[in-house]
Amino acid sequence: MSVSVSSTSVMEQVMTANGVEPIELLTASNDNFDGVIIDMKNPMDSEIFVSSLRTSISHWRQQGKKGVWLKLPIELVNLVEAAVKEGFWYHHAEPKYLMLVYWIPETANTLPINATHRVGIGAFVMNDKREVLVVQENSGVFRGTGVWKFPTGVINEGEDISMGAIREVKEETGIDTEFVEVLAFMQSHKSFFDKSDLFFVCLLCPLSFDIQKQELEIEAAQWMPIEEFAAQPLARKQGLLRSMIDIGLAKIDNGYAGFSPIPTTPSFSNHPIYLYLNSRDLNQQRISD
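Cut-offs used in this document
Chains are numbered independently. Their residues run from 1 in the order of the written sequence. Selection of residues for local features in this predicted model requires a pLDDT of at least 70, selection of side-chain atom pairs for listing and counting requires 80 or more, and totals for whole chains, interfaces and linings are taken over all residues. The side-chain numbers reported here are obtained from all heavy atoms of the structure, hydrogens and water having been left aside. Two strands qualify as a pair provided DSSP detects at least 2 bridges between them. Each helix corresponds to a stretch of at least 4 residues labelled H or I by DSSP, and each strand to a stretch of at least 2 residues labelled E; elements are numbered beginning at the N terminus. Angles shown run from 0 to 180 degrees and are taken between the N-to-C directions of axes, each axis being a line fitted to C-alpha atoms and, for helices, limited to the stretch in contact. Contacts are assigned to residue pairs with any non-hydrogen atoms lying within 4.5 Å of each other. A cavity, in this analysis, means grid points on a 1 Å lattice covering only the protein atoms where a 1.4 Å probe fits yet has no way out; a pocket is instead an open set bounded by protein on both sides within 12 Å along at least five of seven lines, and a residue lines either one if it has an atom within 4 Å of a point. Grid points are joined across faces, edges and corners, and a volume is the space filled by probe spheres set on the points. Classification convention: Asp, Glu, Lys, Arg as charged; Ala, Val, Leu, Ile, Met, Phe, Trp, Tyr, Cys, Pro as nonpolar; all other residues, Gly among them, as polar. A 1.4 Å probe rolled over the protein chains alone gives each residue an accessible area, and that area as a share of the maximum for its type sets the label: buried under 20%, exposed over 50%, partly exposed in between. UniProt positions are given in the numbering used here, feature names are shortened, and annotations may be inferred rather than shown by experiment. We call a set of buried residues a nonpolar core when its members are Ala, Val, Leu, Ile, Met, Phe, Trp, Tyr or Cys and they connect through side-chain atoms within 4.5 Å of each other. Here the expected length of a helix is defined as 1.5 Å per residue gap, with one fewer gap than residues. N or O atoms closer than or at 3.5 Å make up a polar contact, with two conditions inside protein: a donor-capable atom paired with an acceptor-capable one, and, for residues adjacent in sequence, both atoms drawn from side chains.

Enquirer: Sorry, what's going on with the sheet that holds strand 12 (residues 177-188) here?
Expert: The strands that make up a sheet are held in pairs by hydrogen bonds between backbone atoms, and each pair lies either parallel or antiparallel. A sheet is described by the order of its strands in space; here four strands give the open sequence 11-9-13-12, paired in mixed fashion. For this open sheet the edge positions go to strand 11 (152-154) and strand 12, each flanked by a neighbour on one side alone. In this sheet, adjacent strand axes meet at a mean angle of 25 degrees when their direction is disregarded. Sheet topology note: the strand 9 (residues 117-125)/strand 13 (residues 196-206) ladder contains nine bridges and is parallel. Looking across to strand 13, one finds that alanine 123 is bridged to cysteine 202. Packing of helix 6 (residues 240-254) onto the sheet brings it into contact with strand 9, strand 12 and strand 13, and relative to strand 9 it is tilted by some 55 degrees.

Enquirer: Help me out: how do you make sense of the layout of surface pockets in this one?
Expert: The gaps left among the atoms become clear once a water-sized probe is rolled over them. Here the largest pocket is characterised by a volume of approximately 800 Å³. What lines the largest pocket is a set of 32 residues, among which Glu137, Phe142, Lys149, Thr152 and Phe199 lie closest to the centre. If one sorts the elements of the lining of the largest pocket by residue count, strand 9 sits on top with four residues. A per-class count over the lining of the largest pocket returns 14 nonpolar, nine polar and nine charged.

Enquirer: Explain the side chain of serine 279 here, please?
Expert: Examined against the element boundaries, serine 279 turns out to sit in helix 7 (residues 279-288). The exposure class assigned to serine 279 is buried, which follows from its relative accessible area of 18%. Each residue touching serine 279, except ones within four places of it in the same chain, is listed here: Ser260 and Ile262.

Enquirer: Even after reading the chapter, I still don't get the UniProt feature "domain: Nudix hydrolase" (unreviewed entry) in the chain, so can you show me in this structure?
Expert: Here the UniProt-annotated "domain: Nudix hydrolase" (unreviewed entry) positions come out as residues 116-246. With 22% helix and 38% strand, residues 116-246 has its two end C-alpha atoms placed 29 Å apart.

Enquirer: Could you clarify how one ought to interpret the nonpolar core in this entry?
Expert: The tendency in soluble globular proteins is for nonpolar side chains to be buried side by side. In this structure, Ile38, Met40, Phe49, Trp60, Val68, Leu70 and Phe88 are the most contacted members of the largest nonpolar core, which totals 23 residues. Residue assignment for this core shows that the elements contributing at least two residues are strand 5 (36-39), helix 1 (46-62), strand 6 (67-73), helix 2 (80-85) and strand 8 (97-103). Here this core takes five residues from helix 1, the largest share from any one element. Ignoring anything within four residues of it in the chain, the contact list for isoleucine 38 reads Leu26, Thr27, Ala28, Leu53, Trp60, Val68, Trp69, Leu70 and Lys71. Among the nonpolar cores identified, the runner-up in size contains 21 residues, and Leu183, Ala184, Ile226 and Phe229 belong to it.

Enquirer: When you look at unusual backbone geometry in this model, what are you seeing that I'm missing?
Expert: Peptide bonds are trans in most cases, and residues, glycine excluded, mostly fall at negative phi. For aspartate 34, which is not glycine, the phi dihedral falls at a positive 65 degrees. Residue class for aspartate 34 comes out partly exposed when judged on its relative accessible area of 43%. For arginine 130, which is not glycine, the phi torsion reads 60 degrees and is therefore positive. As for its position among the elements, arginine 130 is in the loop between strand 9 and strand 10 (131-137).

Enquirer: So what exactly am I meant to see when it comes to the side chain of serine 52 here?
Expert: Mapped onto the secondary structure, serine 52 falls in helix 1. Setting aside anything within four residues of it in sequence, one finds serine 52 in contact with Ile23, Glu24 and Leu26.

Enquirer: What is the right way to read the pairing of strand 7 (residues 89-94) from this model?
Expert: Regular strands place their side chains on alternate faces of the sheet. Looking at chain direction, strand 7 and strand 8 are connected through five bridges and run antiparallel. The residue of strand 8 that forms the bridge with tyrosine 90 is leucine 100. The antiparallel pairing of strand 7 with strand 8 creates a hairpin that spans two residues between the two strands.

Enquirer: So what exactly am I meant to see when it comes to helix 1 here?
Expert: Given 3.6 residues per helical turn, the α-helix brings residues three or four places apart onto the same face. Along its 17 residues, helix 1 runs 24 Å from first to last C-alpha, staying within 8% of the 24 Å computed at 1.5 Å per residue. Regarding helix 1, the residues found buried are Phe49, Val50, Ser52, Leu53, Thr55, Ser56, Ile57, His59 and Trp60. Structurally, the start of helix 1 carries an N-cap: the backbone nitrogen of glutamate 47 is 2.9 Å from a side-chain oxygen of aspartate 45. The positive-phi residue at the C-terminal boundary of helix 1 is glycine 64, with phi of around 80 degrees.

Structure representation (C-alpha cells):
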C-alpha cells in the first residue's frame, strides 16, 4: 500500500456539555486511495483517544476520505478495545503491531484484504554422481517415519524465491548452492491457519559437498543416489515428492526448461525484482527474430 507524505495534525472546536473545547485530531498520512493511515507511537489515555478518533473520523468524512488504517504498536494495547468499540476491526497482526481498519462512507467496503498466501520452496540439488541432497525431519508430518525428502522451507518477508531457496538449503544441510531455475510451482488451500500456499520446486547447483545438518529441525541429511531415493514407498506414489523427482530428472536428463530469474524493475517501485520465465525459449525466439 503506497503512502503519500502529507499528514494531518490540527485542532477542531467541538461542542461539549461544558461548552466549546478544542480536540486535537490524530496525526495521519494520506494513502493513494483516498484513505488515511494513523501510525500511533505515543501513549494515550483511552478516553482522550476515543475523543480524538471520533473527531478525526468526522473531519475525514467531510474531506471525502474512505478507509482508515490504524496501526497500534504492541505497547499501546490499551487502545485496542476502544478502537473496536468505535467500529474498527482487525486487519492483520505482526509481532510488534496490530493493524485495524474502518470504512467511512456508506458504500461497499473496498479495502484490500490481508495477505492470503504463504510461499514455500522445495530444493532439488544433485551432484555429479547423480546423488540428491535429502533430509529427514525432526518435526512435522514426517517426524519419526524414516522418510527422506528434499530440503523445504518458507520464504521470509521481503526475500526473493531464489535467495530463500539458497538460504533454506544452507540452513538445513550446510551446503552452499547456486540457484538455477524454478522447475514448477503448486497452489494449495486451507493450509497454515486456513491460508493458501504457493510452493515452488527449485533446481539448485551445489557449490560445496560437506554436509553439516541443522541440529534443531533436521534428524539426518545425506547425498543419496537418485534411484535409491526414488525407490522409497512414498516416492513411488503419485504425489508431490514423485513429481519433484520426475521434473528434476526431466531437467537433468532431457533439458526440460524451467523458469529462470531475470532482474527487472516494476512500474510502481524503484526496487529491482525478479521475473521468472523460460529464458531458453525466450532467447531462441530473440535469435530467430
